[in-house]
Amino acid sequence: MPELPEIEVLRRSLESRLAGRTIAAVEVHSPRLREPLDRKRLSNLAGRRISALGRRGKYLLIELEHAETLVIHLGMSGRLTLADAAAPREAHEHLTLRLDGGEKLRLRDPRRFGAAFVASTARLARDRHFRDLGLEPLSGELDGERLAVLAAGRRGPVKSFLMDGRLVAGVGNIYATEALFRARIHPARSVARIGRDRWQELASSVIVVLEQAIVEGGTTINDFTDGTGLAGEFQMVLAAYGREGEACPRCRAPIRRLVQAGRSSFYCPRCQR
């Protein structure tokens, strides 16, 4: 699933190419996504100018004139790319925005777990998709003190804590694994057994890992590309995720795998006790 870095990479790749342009027409080819596409509401975007692109957690925000925002979530396998207006429609292309200047922005989602909807920009924070989202990691909100406060009274494993979008927005399985490895904290350690100094180290590790992933263009294991079709390269420098049996890059002990809440976690048994 595309996580915070992938959506930020997508935003940056599209912003300069979309801001200031006008949506000439909207085509809904198949409304069957996790939340069915609202054909009428989306069609009303024709003639509207794109003001800017933003992001909240794993949601891409295409801000439009007249105080509305087109919100897009890529789900498990979604892809949002710019293409020439004459390019043939792709398989599993659900939504197409035809732009002035001879290009189109198309949303493709084979597994149909994505979403695209229009919301009031002023009321976006109160929308049901956003009102319960947690700290935005790269906004300056995330530090050890805030994590310690959020963890107070809890006893669950720290990896599940990091991946809870109601606490910290946008940190999925890959980046939680990498941040814990960097901070030398075992993914199954209870949040009740982490001191304030370690919380600060973990907060710093989350930020460093996310920022590095953005620089590398995100992680492409299956489907992700940026808005121009380029795949990410962070998978080439993963320290722990997906490396079961390989040598830890710090101490050379074999990386191990465990399953937490149905998701694979990877850790070094020597560095992350």
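The model shown is predicted, which means the values in this text are computed figures rather than measured ones.

Draft legend 1. Representation of the packing of aromatic side chains in the model. A complete count under the given rule lists 4 aromatic pairs for this structure. A ring pair is formed by F161 and W199, whose centres lie 5.3 Å apart and whose planes are at 50°; its orientation type is tilted. Separated by 38 residues along the polypeptide, F161 in helix α4 (residues 158-162) and W199 in helix α6 (residues 196-215) bring together distant segments of the chain. Given the relative accessible area of 5%, F161 is considered buried.

Draft legend 2. Representation of the pairing of strand β4 (residues 68-73). Burial of β4 is extensive: 6 of the 6 residues sit out of reach of the surface. Of the two faces of β4, the one carrying E68, L70 and I72 and the one carrying T69, V71 and H73 are both buried. For β4 and strand β8 (residues 115-120), the ladder comprises 6 bridges, and the chain directions are antiparallel. The partner of V71 across the bridge, within β8, is F117.

Draft legend 3. Region of the structure containing the packing of helix α3 (residues 144-151) against α6. Where α3 meets α6, the closest approach of the two axes is 7 Å, and the angle between their N-to-C directions is 115°. Crossing hand, α3 versus α6: right-handed. Listed contacts from α6 to G144, E145, L147, A148 and A151 of α3 are R196, W199, Q200 and A203. Its residues assigned to classes, the contact of α3 with α6 comprises 5 nonpolar, 2 polar and 2 charged.

Draft legend 4. View of the sheet that holds β4. Pairing is antiparallel in the open sheet, where 4 strands are placed in the order β2-β3-β4-β8. Here the strands that pair on one side only, and so sit at the sheet edges, are β2 (50-56) and β8. Neighbour-to-neighbour, the strand axes of the sheet open up by a mean angle of 25°, direction not taken into account. Contacts from helix α1 (residues 4-18) reach β2 and β3 (59-64) within the one sheet, and its direction differs from that of β2 by about 170°.

Draft legend 5. Focus on the pattern of salt bridges. Inspection of the entire model under this criterion finds 19 salt bridges. Note that E8 and R11 form a salt bridge whose closest N and O atoms lie 2.8 Å from each other. Of this pair, E8 and R11 both sit in helix α1, 3 residues apart, which is roughly one turn of that helix. Exposure class is identical for E8 and R11. Each is buried. For R55, the salt bridge goes to E136, with nearest N and O atoms at 2.4 Å. Here the residue R55 occupies a position in strand β2, and E136 occupies one in the loop between β8 and α3, the gap between them amounting to 81 residues. The pair R55 / E136 is uniform in exposure class, with both members buried. Salt bridges sharing partners connect three or more residues here, namely E8, R11, R12, E15, R55, R56 and E136.

Draft legend 6. Molecular detail of the nonpolar core. V158, F161, Y175, W199, L202, V206 and C268 are the most contacted members of the largest nonpolar core, which has 44 residues in total. Elements represented by at least two residues in this core include exactly α1, α3, α4, α5 (173-183) and α6. Ranked by residue count, the leading element in this core is α6, at 8 residues. Contacts of Y175, omitting those with residues within four sequence positions, involve E3, P5, E6, V209, L210, A213, G218, T219 and F234. Ranked by size, the runner-up nonpolar core spans 28 residues in total, among them I7, L18, I50 and L105.

Draft legend 7. The sheet that holds strand β7 (residues 103-108), seen in detail. One open sheet holds the 4 strands; their spatial order is β1-β6-β7-β5, and the pairing between them is antiparallel. With one partner strand each, in any of the chains shown, β1 (23-28) and β5 (79-84) form the two edges of the open sheet. Each neighbouring strand pair of the sheet contributes to a mean axis angle of 20°, computed without reference to strand direction. Sheet topology note: the β5/β7 ladder contains 6 bridges and is antiparallel. When the sheet's bridge partners are listed, D84 is paired in β7 with E103. In the packing of α1 onto the sheet, contacts are made with β5, β6 (93-99) and β7, and the angle to β5 comes to roughly 30°.

What counts, and where the lines are drawn
Residues numbered from 1 in each chain as written. Predicted model: local features only at pLDDT ≥ 70, side-chain atom pairs only at ≥ 80, totals over all residues. Heavy atoms only, no water. Phe/Tyr/Trp six-rings, centres within 6.5 Å; stacked < 30°, edge-to-face > 60°. Helix = DSSP H or I, 4+ residues; strand = E, 2+ residues; numbered from the N terminus. Buried < 20%, exposed > 50% of the residue type's maximum accessible area, 1.4 Å probe, protein only. Pairing = 2+ DSSP bridges. Axes fitted to C-alpha atoms, helices over the stretch in contact; angles between N-to-C directions. Left-handed = near helix turned anticlockwise from the far one by under 90°. Contact = heavy atoms within 4.5 Å. Nonpolar A, V, L, I, M, F, W, Y, C, P; charged D, E, K, R; others polar. Salt bridge = Lys/Arg side-chain N within 4 Å of Asp/Glu carboxyl O. Core = buried A, V, L, I, M, F, W, Y, C linked by side-chain atoms within 4.5 Å.

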